[in-house]
Amino acid sequence: MKGLSVGVDVGGTFSKIGLVAPDGELLRCVSIPTQPRAAPRDFASRVCAVLDGWRYDSLGLGLAGGVDAATGALLFAPNLKRWIGFPFKREFARRLKVRTVADNDANVAVWGGYAVDLKKKPRCVVGVTLGTGVGGGLIIDGKLHHGATGSAGELGHLTVRAGGAPCNCGKRGCLEAYAGTRGICRIARRVMRRPPSPLTPKALADAALAGVPGARKVWDEYGTWLGIGLANAVLLLNPDAILVLGGVARAGRLVLDPVRRVFAAQPFREPFARLALSAPAERDWGCVGAALLSREASS
Ligand SMILES: [Zn+2]
């Protein structure tokens, strides 16, 4: 098939390598350990070995951290510290001889949701990814917005409570400190008499749907913090739509209903009145988005 592209979603523990059709369908997907203590060149060699025999026109990388889009070098990457500064984009372009792009993992995931689920119709979209951490991506005028240093859209580190819970970034009161996995587990331990064990967002979603006492309250609090963070983004950017992605977004209405309540309570109505809020069915948005973004660069 013509026009296939490859997306590589590089996480701190595992990386997914996907072959993606122009409409965003994931045709093939291979997961490999990232091994972030090994040299970045070794990682590139292992990805290239997987790609041996695949036919594709372009390749996109989504890297967990701040990325210099020109070279594909990580600038800031708490989970891939030893790879900071390595020019991933140049390295893959040189080895594979195809057009290559590299971007932040949340940015590429949001691009995937924007291109496939929203069909690139709205011009301004705020995307948030809910997982271990909270990432974000901004689409402005139909394009990913990178900002002056490639750091735009770091929604996870918006302050939602001054002096609040400590965040992995070193600051207090970040959205991620409440809406990341550690955050929801902390809320559950405080609110529920018997939190599920092992304590995971999936177990908390199952508990809420099964009517376990306190579980719904956990999601209400979680969604309220998320709503406060997203409301700040809405007041800043006045987007057409908000996309909620990532593993925790599978909880669907448990996450979205309290966000809607926060939005409905905003006295400044206009930016919230016609705002579309959705959590598209989970798929490997990182792989899909990275691949589709590389098509964008090649067209
Ligand atoms: Zn933070």
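Note that this is a predicted model, so its numbers are computed, not measured. (Residues numbered from 1 in each chain as written. Predicted model: local features only at pLDDT ≥ 70, side-chain atom pairs only at ≥ 80, totals over all residues.)

Looking at the pairing of strand β2 (residues 14-20)
To keep things clear, this is the line we draw: Buried residues are those with 20 or more other C-beta atoms within 10 Å of their own C-beta, exposed residues have 12 or fewer, and partly exposed residues lie in between; C-beta atoms are placed from the backbone. A run of DSSP states H or I qualifies as a helix once it reaches four residues; a run of E qualifies as a strand once it reaches two. Both are numbered from the N-terminal end. Strands were regarded as paired on the criterion that DSSP finds at least two bridges between them.
Among the seven residues that make up β2, five are buried, leaving the element largely enclosed by the rest of the structure. In this structure, strand β1 (residues 5-10) lies alongside β2, joined through six bridges in antiparallel fashion. The partner of Val10 across the bridge, within β2, is Ser15. Linking β2 back to strand β3 (residues 26-33) in an antiparallel pair, the connection comprises five residues, with Gly24 at a positive phi of about 95°.

What about the pairing of strand β8 (residues 125-130)?
With respect to burial, β8 is a largely interior element, six of its six residues being buried. Alternating positions in β8 separate into two faces, Val125, Gly127 and Thr129 on one and Val126, Val128 and Leu130 on the other, with burial throughout. Here β8 pairs with strand β9 (residues 134-140) via six bridges, running antiparallel. When the bridges of β9 are listed, Gly127 appears paired with Gly137. From the end of β8 to the start of β9, which pair antiparallel, there are three residues. Across five bridges, the pairing between β8 and strand β11 (residues 241-245) is parallel. Across the sheet, the residue bridging to Val128 is Val244, located in β11.

Quick notes on the sheet that holds strand β12 (residues 276-278)
Whenever strands of a sheet pair, they do so through backbone hydrogen bonds, lying parallel or antiparallel. Inclusion rule: Contact criterion: two residues are in contact if their C-beta atoms, reconstructed from the backbone, are within 7 Å. In this analysis, axes come from line fits to C-alpha atoms, helices being fitted only over the stretch in contact, and the angle between any two N-to-C directions falls in the range 0 to 180 degrees.
Across the sheet, five strands lie side by side as β10-β9-β8-β11-β12; this open sheet has mixed pairing. The open sheet has two edge strands with one neighbour each: β10 (143-144) and β12. Against the sheet, helix α7 (residues 215-237) makes contact with β8, β9 and β11, and its axis sits at roughly 160° relative to β8, the strand it touches most.

Some points on the sheet that holds β3
In spatial order, the strands read β3-β2-β1-β4-β7; together these five strands make up an open sheet with mixed pairing. Where the open sheet ends on each side, the last strands, each with one partner, are β3 and β7 (99-104). Direction aside, neighbouring strands of the sheet carry axes that sit 15° apart on average. Relative to strand β4 (residues 58-63), β1 runs parallel, the two being bridged by six bridges. Considered in β4, the bridge of Gly7 is made with Gly60. Its contacts with the sheet place helix α2 (residues 88-96) against β4 and β7, and it is angled at close to 155° to β7.

Re the domain arrangement of the protein
Under the convention used in this document: For the domains described, the bounds stem from an automatic or database domain assignment. Only Asp, Glu, Lys and Arg are considered charged in this grouping, and only Ala, Val, Leu, Ile, Met, Phe, Trp, Tyr, Cys and Pro are considered nonpolar; every other residue, Gly among them, is considered polar.
Domain parsing of the protein yields domain 1 (5-110 + 284-298) and domain 2 (121-278). Relative placement of domain 1 and domain 2: their C-alpha centres are 26 Å apart. Each partner contributes residues to the interface: domain 1 has twelve residues there, and domain 2 has 14 residues. Secondary-structure elements contributing two or more residues to the side of domain 1 that touches domain 2 are β5 (66-68) and α3 (105-117). Residues of the side of domain 1 that touches domain 2, tallied by class, amount to eight nonpolar, two polar and two charged.

Some points on the packing of helix α1 (residues 40-51) against α2
The condition is simple: Each angle receives one of four descriptions, namely roughly parallel if under 35 degrees, roughly antiparallel if over 145, roughly perpendicular if within 65 to 115, and oblique otherwise. Crossings are sorted by hand: turned counterclockwise from the far helix by less than a right angle, the near helix makes the crossing left-handed, and turned clockwise it makes it right-handed.
Where α1 contacts α2, the two axes come as close as 11 Å, and the packing angle between them is 40°. Taken together, α1 and α2 sit at an angle that is classed as oblique. Both α1 and α2 take part in a crossing whose hand is right-handed. From α1, Ala44, Cys48 and Leu51 reach across to α2, where they touch Glu91, Phe92, Arg95 and Leu96.

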